[in-house]
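Working through the structure, step by step
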Amino acid sequence: MTDDSRKDARHEAAMKKQKAKVDARIAEADTECGVAVLLTGNGKGKSSSAFGMVMRALGYGQKVGVVQFIKGEQLSGEEIYLRDHCPQATLYQMGTGFTWNTQDRSGDIAAAERTWAQAEAMLSDASIDLVVLDEITYMLAYKYLDEQRVIDAIQSRPPEQSLVVTGRGGGSALQEAMDTVSEVKDIKHAFRAGIKARQGVDY
Ligand code: ATP
Ligand code: MG
């Protein structure tokens, strides 16, 4: 046996073992239901990941509802694309800017409530396969929305409906209510090197 063929045989045996492990785990996961995903942390990639799942769902002809709780001055590419090309997607935006720009607490609370009403309607509509609540964690952090009310609506949504929640923070009760929680870690960001936010990458 040559060195290479010994390596090949070892690789084949290891891969067979790995496949058996993966297959067993796949066979164990036999619950069919919608999944609630929380994408949090200080790094870049939360909302764009949520819109990646929107694309996946739309690819299968699923119906999608997106509610954005904070809206910057800049329209984002995904908003433009969904509006123009995806009749299966409904997009609702809070319509106010960042709370540190508006500096109007009672106005922000009223806007958050209005926006939450849209989210609540989506979370009780079984015809919607995927709901995205983008940046809702800020509404909870500022106590503009009652956390328990949000969690109750998440937990009593139709069993087949999936949900993606994005935003920094997101307390332990919210994490507890979700099936998948990922934290995007900020290692470096172009902005800190003076690079301007880029169309198609940052918005
Ligand atoms: P994205 O929408 O790009 O996935 P995100 O949802 O993870 O980002 P947000 O906190 O919602 O992050 O911020 C959105 C905008 O702020 C994006 O333009 C993003 O590039 C930028 N951003 C995200 N994280 C950072 C950071 N750590 N430092 C500076 N800018 C950031
Ligand atoms: Mg975001």
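Keep in mind that what you see is a predicted model, and the values were worked out from it rather than measured.

Conventions adopted
Residues numbered from 1 in each chain as written. Chains lettered and ligands numbered in written order. Predicted model: local features only at pLDDT ≥ 70, side-chain atom pairs only at ≥ 80, totals over all residues. Heavy atoms only, no water. Buried < 20%, exposed > 50% of the residue type's maximum accessible area, 1.4 Å probe, protein only. Helix = DSSP H or I, 4+ residues; strand = E, 2+ residues; numbered from the N terminus. Pairing = 2+ DSSP bridges. Axes fitted to C-alpha atoms, helices over the stretch in contact; angles between N-to-C directions. Donors = N, O, S within 2.8 Å, 3.2 Å for Na, K, Ca; no water. Core = buried A, V, L, I, M, F, W, Y, C linked by side-chain atoms within 4.5 Å. Expected span 1.5 Å × (residues − 1). Arc of directions from axis to C-beta. Contact = heavy atoms within 4.5 Å. Near = heavy atom within 4 Å. Polar contact = N/O pair within 3.5 Å; in protein donor to acceptor, adjacent residues only side chain to side chain. Areas by Shrake-Rupley, 256 points an atom, 1.4 Å probe, with all protein chains shown as cover. Parallel < 35°, antiparallel > 145°, perpendicular 65-115°, else oblique. Left-handed = near helix turned anticlockwise from the far one by under 90°.

Digging into the pairing of strand β2 (residues 64–68)
Among the 5 residues in β2, 5 count as buried, and that is most of the element. Here β2 shows a buried face lined by Val-64, Val-66 and Gln-68 and a second buried face lined by Gly-65 and Val-67. Looking at chain direction, β2 and strand β3 (residues 89–93) are connected through 5 bridges and run parallel. Along β3, the bridge assignment pairs Val-66 with Leu-91. In this structure, β2 lies alongside strand β4 (residues 130–134), joined through 5 bridges in parallel fashion. For Val-67, the partnering residue across the bridge sits in β4 and is Leu-133.

Focus: the sheet that holds β4
Strand-to-strand pairing in sheets goes through backbone hydrogen bonds, with the strands running parallel or antiparallel. An order of β3-β2-β4-β5-β1-β6 is seen for the 6 strands of this open sheet, with the pairing classed as parallel. With partners counted over all chains shown, the strands left at the sheet margins are β3 and β6 (180–183), one partner each. For this sheet the average axis-to-axis angle between neighbouring strands, irrespective of direction, equals 10 degrees. In the sheet, strand β1 (residues 36–40) pairs with β6 via 4 bridges, with the strands oriented parallel.

Some thoughts on the coordination of the magnesium ion (ligand 2)
Within the first shell, the magnesium ion (ligand 2) binds the protein through Ser-47 (OG) and Glu-135 (OE), at distances of 2.0 to 2.1 Å. One end of the pair, Ser-47, is in helix α2 (residues 46–59); the other, Glu-135, is in the loop between β4 and α6 (136–141), with 88 residues separating them in the sequence. Across the pair, exposure class does not vary: Ser-47 and Glu-135 are buried alike.

Examining the nonpolar core
Within the largest apolar cluster, 30 residues are counted, with the highest numbers of intra-cluster contacts made by Phe-69, Trp-116, Leu-133 and Met-139. Elements with a contribution of two residues or more to this core: β1, α5 (105–123), β4, α6, α7 (147–155), β5 (162–166) and α8 (172–177). No other element matches the 6 residues that α5 contributes to this core.

Details of α5
An α-helical turn contains 3.6 residues, so a residue and the one three or four places further along point in the same direction. When the terminal C-alpha atoms of α5 are compared, their 26 Å separation across 19 residues agrees well with the 27 Å that a helix rising 1.5 Å per residue should span. Buried residues of α5: Asp-108, Ala-111, Ala-112, Thr-115, Trp-116, Ala-119, Met-122 and Leu-123, and no others. The arc that holds every buried residue of α5, seen down its axis, measures 140 degrees, which confines them to one face.

Side note on the environment of Trp-116
Turning to its location among the elements, Trp-116 is positioned in helix α5. When the C-alpha positions of Trp-116 and His-189 are compared, they lie 31 Å apart, and in sequence the two are 73 residues distant. Those residues within four positions of Trp-116 in sequence are excluded, and the remaining contacts are Phe-69, Leu-123, Leu-133, Ile-136, Leu-145, Arg-149, Val-150 and Ala-153.

So, the site of ligand 1
Neighbouring ligand 1 are 15 residues, the closest being Lys-44, Gly-45, Lys-46, Ser-48 and Asp-202. Asn-42 places a polar main-chain atom, nitrogen or oxygen, 3.0 Å from a nitrogen atom of ligand 1. In this structure, Ser-47 approaches ligand 1 through a main-chain N or O atom, which is 2.9 Å from an oxygen atom. The protein chains hide 79% of the 580 Å² of surface that ligand 1 would expose on its own. If one sorts the elements of the shell around ligand 1 by residue count, α2 sits on top with 3 residues.

Some words on the packing of α5 against α7
Their axes nearest at 9 Å, the elements α5 and α7 cross at an angle of 20 degrees. Taken together, the axes of α5 and α7 are roughly parallel relative to one another. The element α5 and its partner α7 pack so that their crossing is left-handed. Facing Glu-113, Trp-116, Glu-120 and Leu-123 of α5, the residues of α7 in contact are Arg-149, Val-150, Ala-153 and Ile-154.

Looking at the environment of Lys-196
Topologically, Lys-196 is positioned in the segment after β6. Taking relative accessible area as the criterion, Lys-196 reaches 72% and is therefore assigned exposed. Remark: the alpha-carbon pair of Lys-196 and Leu-133, spanning 63 residues in sequence, is separated by 26 Å.

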